[in-house]
Amino acid sequence: AFNRGTHMEEHLHHLPNLLVLAGTVLLFGGAAFASPFLGRRLLRLADDGARDAAVFDAFLAVMAMAGLVLAFSLVQADGNLRTDDSHIGREASAIVAADRALQRIGLPGTQAARGMLSDFVQSQLRDEWPMLAEHGRDARTDRQYGAMSGAVSRLEPQSPRQQVVYAELIKAVDAISDAREALVEDAGMHL
């Protein structure tokens with residue numbers, strides 16, 4: 001039953017927003033208009049103006065609560081979007097910092113590492129981001145990151161300047177990993 005519920009939730013998330021809104025309005029509006037007729041026909045209730053007014057007041061209260069839930073949901077979705085945007089921004093900054101450090105360090109193997117960084121970014125955009133919609137991660141992107149990280153760790157800085165740049169490079173590569181993991185985790189919860 002849990003898997004069926006998860007599947008239904010994923011299906012509902014893929015529906016267009018306008019369709020969800022129209023379906024909700026039709027369902028609740030139809031229920032509100034049909035309930036007096038169904039009550040008279042099925043339950044054989046007599047016409048009672050006071051009861052009808054009380055039912056209408058209850059309906060208004062339910063609709064007000066639905067409006068509050070909708071407003072809360074919109075605020076939550078906006079917060080989630082801002083969080084994800086922050087993760088993407090931090091990752092992009094770390095990628096730029098890693099590329100700049102690779103350009104400045106001046107060691108053999110940096111061009112290959114830059115190519116691997118580029119391959120990782122391309123794989124992430126092409127392969128992993130579409131998988132985030134399905135709450136998954138891409139194995140090819142994992143391999144690209146591992147290759148790039150391995151190439152960086154094999155660099156051997158000699159001079160004090162290279163060691164400083166190398167420390168910045170390691171920090172940037174770690175920041176890329178942290179931001180990527182945060183994005184993948186968010187995809188499992190709300191992205």
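Presented here is an overview of the structure given in this document.

**Observations regarding the overall build of the chain**
Turning to step 1, where the next piece is worked out: Across its full length, the chain holds six helices and zero strands.
Turning to step 2, where the next piece is worked out: Starting at the N terminus and ending at the C terminus, the chain contains elements arranged as α-α-α-α-α-α.
Turning to step 3, where the next piece is worked out: Relative to its length of 191 residues, the chain is extended, with a C-alpha radius of gyration of 27 Å against a globular reference of 16 Å.
Turning to step 4, where the next piece is worked out: Along the first, second and third principal axes, the C-alpha atoms of the chain reach 95 × 25 × 25 Å.
Turning to step 5, where the next piece is worked out: Considering only contacts within the chain whose residues lie at least 6 apart along the sequence, 69% involve residues at least 24 apart.
Turning to step 6, where the next piece is worked out: As displayed, the chain offers around 12,900 Å² of accessible surface, 65% of which is attributable to carbon and sulfur atoms.
Turning to step 7, where the next piece is worked out: Charged side chains of the chain number 18 positive and 24 negative; the gap between the two group centres comes to 2 Å.

**Observations regarding the pattern of salt bridges**
Turning to step 1, where the next piece is worked out: Counted under the stated rule, the structure contains nine salt bridges.
Turning to step 2, where the next piece is worked out: Note that arginine 114 and aspartate 99 form a salt bridge whose closest N and O atoms lie 2.7 Å from each other. Taken together, the residues span a long stretch of sequence, with arginine 114 in helix 4 (residues 110-132) and aspartate 99 in helix 3 (residues 49-105) at a distance of 15 residues.
Turning to step 3, where the next piece is worked out: Aspartate 127 is paired through a salt bridge with arginine 126; the nearest N and O atoms lie 3.4 Å apart.
Turning to step 4, where the next piece is worked out: When salt bridges with common partners are traced through the structure, they connect Glu128, Arg137, Asp142, Arg180 and Glu181 into a single cluster.

**Details of helix 4**
Turning to step 1, where the next piece is worked out: Along helix 4, the sharpest kink reaches roughly 40 degrees, centred on glutamine 124.
Turning to step 2, where the next piece is worked out: Looking only at helix 4, the buried set comprises Thr110, Ala113, Leu117, Phe120, Val121, Ser123, Gln124, Asp127, Glu128 and Leu132.

**Considering the layout of surface pockets**
Turning to step 1, where the next piece is worked out: Volume-wise, the second largest pocket comes out at about 190 Å³.
Turning to step 2, where the next piece is worked out: Lining of the second largest pocket is provided by Gly29, Ala32, Phe33, Ser35, Pro36, Asp52, Val55, Phe56 and Phe59.
Turning to step 3, where the next piece is worked out: The element best represented in the lining of the second largest pocket is helix 2 (residues 17-42), accounting for five residues.
Turning to step 4, where the next piece is worked out: Looking at the lining of the second largest pocket residue by residue, the classes come out as six nonpolar, two polar and one charged.

**A closer look at a nonpolar patch on the surface**
Turning to step 1, where the next piece is worked out: There is a patch of nonpolar side chains on the surface, built from Leu27, Phe28, Val62 and Met63 and spanning about 370 Å² of accessible area.
Turning to step 2, where the next piece is worked out: Those elements that place two or more of their residues in the nonpolar patch are helix 2 and helix 3.
Turning to step 3, where the next piece is worked out: Here phenylalanine 28 lies in helix 2.

Each value, and the rule that gives it
- Residues numbered from 1 in each chain as written.
- Predicted model: local features only at pLDDT ≥ 70, side-chain atom pairs only at ≥ 80, totals over all residues.
- Heavy atoms only, no water.
- Helix = DSSP H or I, 4+ residues; strand = E, 2+ residues; numbered from the N terminus.
- Rg over C-alpha atoms; globule rule 2.2 N^0.38 Å.
- Contact = heavy atoms within 4.5 Å.
- Areas by Shrake-Rupley, 256 points an atom, 1.4 Å probe, with all protein chains shown as cover.
- Lys, Arg positive; Asp, Glu negative; His and termini not counted.
- Charge placed at Lys NZ, Arg CZ, Asp CG, Glu CD.
- Salt bridge = Lys/Arg side-chain N within 4 Å of Asp/Glu carboxyl O.
- Bend = angle between axes of the 7 residues up to and from the residue.
- Buried < 20%, exposed > 50% of the residue type's maximum accessible area, 1.4 Å probe, protein only.
- 1 Å grid on protein atoms, 1.4 Å probe; cavity = no way out; pocket = protein on both sides within 12 Å on 5 of 7 lines; lining within 4 Å.
- Points joined across faces, edges and corners; volume = space filled by probe spheres on them.
- Nonpolar A, V, L, I, M, F, W, Y, C, P; charged D, E, K, R; others polar.
- Patch = residues over 30% accessible without salt bridge, like charges linked within 9 Å, V, L, I, M, F, W, Y side chains within 5 Å.

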